[in-house]
Amino acid sequence: MTHSGRRLSPRRLYALSAAVVWICGPLTYLVLEAVAATAFRQHYRYGDNLISDLGVPSGDSPLAWLMNSGFCLQGLLLFTGAILIVRALEPRKAGLFLTLAAANAVGNILIAVFHSGPIARADGTAWLHATGALLAIVGGNAAILAGSSIGPLWYRRLSAWLAALGLLSFLIFAVELTTAAVEPLPPAVWERCSVYSITAWQLLTAAILC
């Protein structure tokens, strides 16, 4: 393969492949989420309804399978992109970066297989869904910090800001769900901030890899 008349090096091919993967993963996830939301039997509001509501097969989401496919796809493609980035650029904390990306993938798969809601609480599988959310969100946002050494200073600073936003949002989300604390914003807003920080970083990284 050539680029501007020159043959691309293997590292450059890995970098471009990572960019493609990290464009396709987040955008596909967001599209599948939007499609599942439009099919929700009650009016679905991004600021009020949790993401997991879209993945409950026995609930109000007739396209739950689509949302759960989105969870799996996002997790697997994030991990795939991380492998390609390590091959292309060898970030300083490559081992930690891959471990955290793998945690995100495992977490997303758990979220897709074990759902939230009353049935999950009744059959004792709700803790598996909660564990998946912890792995996916904390793992994904921590991976931002571990993998951000591949870019310039502005990119590293923006990456750190996104990771901080994601981790802090998840902490507030967890506190609001488990306590009677005053809610400055609904839990769904904090949940989406903790998830979208990861997708935003993937797209940002894809841009600098191109």
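To keep things clear, this report deals only with the structure shown in the data block. Just so it is clear, the structure is predicted and the values come from calculations on it, not from any experiment. (Residues numbered from 1 in each chain as written. Predicted model: local features only at pLDDT ≥ 70, side-chain atom pairs only at ≥ 80, totals over all residues. Heavy atoms only, no water.)

1. Here we look at the overall build of the chain
Each helix and strand in the chain was counted, giving seven helices and two strands. Taken over the C-alpha trace, the chain has a radius of gyration of 18 Å; the compact-globule value for 210 residues is 17 Å, and the two agree within 12%. Its C-alpha atoms give the chain principal-axis dimensions of about 60 × 35 × 25 Å. Counting all 210 residues of the chain, 47% fall into the buried class. Long-range contacts, defined here as pairs at least 24 residues apart, represent 67% of the contacts in the chain between residues at least 6 apart. Accessible area for the chain stands at about 10,200 Å²; split by element, carbon and sulfur atoms hold 69% of it. Charged side chains of the chain number 13 positive and 9 negative; the gap between the two group centres comes to 21 Å. (Helix = DSSP H or I, 4+ residues; strand = E, 2+ residues; numbered from the N terminus. Rg over C-alpha atoms; globule rule 2.2 N^0.38 Å. Buried < 20%, exposed > 50% of the residue type's maximum accessible area, 1.4 Å probe, protein only. Contact = heavy atoms within 4.5 Å. Areas by Shrake-Rupley, 256 points an atom, 1.4 Å probe, with all protein chains shown as cover. Lys, Arg positive; Asp, Glu negative; His and termini not counted. Charge placed at Lys NZ, Arg CZ, Asp CG, Glu CD.)

2. Examining helix α2 (residues 64-89)
For α2, which comprises 26 residues, the first-to-last C-alpha distance of 37 Å matches the rise-based estimate of 38 Å (1.5 Å per residue) to within 8%. E90 lies just past α2 and shows a positive phi near 50°. (Expected span 1.5 Å × (residues − 1).)

3. Notes on the pattern of salt bridges
Counted under the stated rule, the structure contains two salt bridges. R11 is the partner of E90 in a salt bridge, and the nearest nitrogen-oxygen pair spans 3.0 Å. Of this pair, E90 sits in the loop between α2 and α3 (94-113) while R11 sits in helix α1 (residues 10-38), placing them 79 residues apart in sequence. Measuring nitrogen to oxygen at the nearest pair gives 2.7 Å for the salt bridge that ties E33 to R192. Taken together, the residues E33 in helix α1 and R192 in helix α7 (residues 187-209) connect sequence positions 159 residues apart. (Salt bridge = Lys/Arg side-chain N within 4 Å of Asp/Glu carboxyl O.)

4. A few points about the nonpolar core
Burial of nonpolar side chains together is a common tendency in soluble globular proteins. Ranked by internal contacts, the top residues of the largest apolar core, which has 29 residues, are W22, I85, F97, W201 and L209. Contributing elements (two or more residues each) for this core: α1, α2, α3, α5 (126-147), α6 (153-178) and α7. Considering each element in turn, this core owes the most residues, seven residues, to α2. Every residue in contact with W22, bar those within four places of it in the chain, is listed here: L77, L78, G81, A82, I85, F97, W201, Q202, L203, T205 and A206. Among the nonpolar cores identified, the runner-up in size contains 18 residues, and F40, M67, F173 and W190 belong to it. (Core = buried A, V, L, I, M, F, W, Y, C linked by side-chain atoms within 4.5 Å.)

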